[in-house]
Every structure is written in structure tokens, then in C-alpha cells.
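# An overview of the molecular structure
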Amino acid sequence: MEKVIAQTKERVWEGNRHVVGKVLSLFESHTQVIRKGKAHKPNEFGRLVRIDEVENGIVSGYEILEGNAADTNSWLPAIQHHQASFGEAPEMATADRGFFTAKNEREAEALGVEKVALPATGRLSKTRAKRQKERWFKRALRWRAGCEATISHLKNPFSMRRASYKGERGFKRYVGWCVITKNLFSIARWQERRKKEVGVESVQRG
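Parameters at a glance
- Residues numbered from 1 in each chain as written.
- Predicted model: local features only at pLDDT ≥ 70, side-chain atom pairs only at ≥ 80, totals over all residues.
- Heavy atoms only, no water.
- Core = buried A, V, L, I, M, F, W, Y, C linked by side-chain atoms within 4.5 Å.
- Buried < 20%, exposed > 50% of the residue type's maximum accessible area, 1.4 Å probe, protein only.
- Contact = heavy atoms within 4.5 Å.
- Pairing = 2+ DSSP bridges.
- Helix = DSSP H or I, 4+ residues; strand = E, 2+ residues; numbered from the N terminus.
- 1 Å grid on protein atoms, 1.4 Å probe; cavity = no way out; pocket = protein on both sides within 12 Å on 5 of 7 lines; lining within 4 Å.
- Points joined across faces, edges and corners; volume = space filled by probe spheres on them.
- Nonpolar A, V, L, I, M, F, W, Y, C, P; charged D, E, K, R; others polar.
- Expected span 1.5 Å × (residues − 1).
- Arc of directions from axis to C-beta.
- Patch = residues over 30% accessible without salt bridge, like charges linked within 9 Å, V, L, I, M, F, W, Y side chains within 5 Å.
- Areas by Shrake-Rupley, 256 points an atom, 1.4 Å probe, with all protein chains shown as cover.
- Salt bridge = Lys/Arg side-chain N within 4 Å of Asp/Glu carboxyl O.
- Lys, Arg positive; Asp, Glu negative; His and termini not counted.
- Charge placed at Lys NZ, Arg CZ, Asp CG, Glu CD.

### Quick word on the nonpolar core
One finds Trp 75, Ile 79, Ala 89, Ala 93, Ala 95, Phe 99, Phe 100, Ala 108, Val 113, Val 116, Leu 118 and Ala 120 forming the largest nonpolar core, which totals 12 residues. Ignoring sequence-local partners within four residues, the contact set of Ala 89 consists of His 82, Gln 83, Leu 111, Gly 112 and Val 113. With nine residues, the next largest nonpolar core counts Val 59, Leu 154, Phe 171 and Val 175 among its residues.

In C-alpha cells, the structure reads:
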């Protein structure tokens, strides 16, 4: 409470909006300010979580980030985590334009990613525009757009929108359980789909 009072005096009386170690929540001290550039919601409070997804809606990795981390800094750790988990780099890797830098493309290719689909920002050169119009690139971006459904499912049916466990450790544990539950659901759905496909194939052969 003393810290909240002190930072309020700094902001209101002194006009200092950049108090070091600012307390944002009395109950969840690990809460941080998130600025995503949204006009209708310039500031949000919580934590950023990087989500990595592979085929069939499986979340293969995640990381709880510190502060208002730039997306560009999460690209290489995601590739490296995939490589450590599966023993090889993904054949194709994609993300939205917030992850794009020429360096990120080069480093992913150096790690063994055959197809890197990061849409560039700003005005495109003829070479770049041609690359982004290629069929594989467009297919990768469509798959990336589908990943938004995974994020939505984690936030809503699987309750990642608001953590109910308390404290930093509780928050991290809660996020982990959300990912595990989502993956169990995705695996069960894939198995059910495979049973139906096998059944159809058996009938056709018969």
C-alpha cells in the first residue's frame, strides 16, 4: 500500500508516468502492462504468452514472457524449442507480420527450416512480393490464420483468458494446465477423426 501511495504521488503530483517497479495489482503482483497498439484498447494488464502450434491443433510449446516483449524476439526461441522437442527443425514455419525481420528469416533457414513464411512489413520489393504470392507461402499464411482458433480456444473454452491460481508460480501452473487440457482434447478429436476415416476406407474397400 505504501508503494502504491508513493507511485500515485509521483504520477499525480510530480507528473512522472515512468515509476520504476510500479505495482499494478495488490493481489497479483506479477501483473504487467501490455501495449499491443490497439486503438480501442491501448493498454491491457496481464502477461504475454507465446504459443507454438503443430499439426492437428497440438500446442507444442509455450513461454510466459516478461513485460511488453516484442514478437520478433520470440521467433527464434520457438524454432529452437521445436528442434529440441522433435529432434529436427520444422519443414515449414510461419507467424504473423509482427515476427518478421530479415534476420529472423535467415536464422530460421540456418537452423534447417525449408520454408519460412513471415509476411514482410512496409512496401515490398518485386522479389519479395513474388515470394509472398507463391502457393506455399499463401498456404502457410492460411494455416497461420487458422492458429487464431487455437488461441481463441485456449482463452475461452480452456479458460486461459483469466488465471484463477494466485501468485507467479500459480499463474505459470495455470497456463500449463490450460495447454495440457487443450492438447488432450485435440488428441482425442484427432483419434476420433482417424477412426471415422479408417471406417470409411474399410467400407470402400469392402
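### A short note on the pairing of strand E3 (residues 49-53)
Working note: regular strand, side chains alternate between the two faces of the sheet. For E3 and strand E4 (residues 59-64), the ladder comprises five bridges, and the chain directions are antiparallel. Within E4, the position partnered with Val 49 by the bridge is Ile 64. What sits between the antiparallel neighbours E3 and E4 is a turn of five residues, in which Asn 56 has the positive phi angle 65 degrees.

### Looking at unusual backbone geometry
In most cases, non-glycine residues show a negative phi, while peptide bonds are predominantly trans. Unlike most non-glycine residues, Asn 56 shows phi in positive territory, near 65 degrees. In this structure, Ser 159 takes a positive phi of about 65 degrees despite not being glycine. Topologically, Ser 159 is positioned in the loop between helix H5 (135-155) and helix H6 (167-205). For Ser 159, a relative accessible area of 34% puts it in the partly exposed group.

### A word on the layout of surface pockets
Volume-wise, the second largest pocket comes out at about 380 Å³. At four residues, helix H1 (residues 2-12) tops the list of elements feeding residues into the lining of the second largest pocket. Partitioning the lining of the second largest pocket into residue classes produces five nonpolar, five polar and four charged.

### Notes on the side chain of Glu 105
Note that Glu 105 resides in helix H3 (residues 102-110). Given the relative accessible area of 10%, Glu 105 is considered buried. In this structure, Glu 105 is in contact with Phe 100, Val 116, Leu 118, Arg 128 and Arg 131, ignoring residues within four places of it in sequence.

### Digging into helix H2 (residues 75-86)
Between the first and last C-alpha of H2 there are 17 Å, a value that for 12 residues agrees with the 16 Å anticipated at 1.5 Å per step. Trp 75, Leu 76, Ala 78, Ile 79 and His 82 are the residues of H2 that are buried. Across the axial projection of H2, the buried residues extend over an arc of 165 degrees, all falling on one side. Turning to H2, the residues buried within the fold contact E3, strand E5 (92-94), H3 and strand E6 (115-117). Gly 87 occupies a position one or two residues after H2 and carries a positive phi of about 80 degrees.

### With respect to a positive patch on the surface
A surface patch of positive charge is lined by Lys 133, Arg 135, Lys 138, Arg 139 and Arg 142. Relative to the helices and strands, Arg 139 resides in helix H5.

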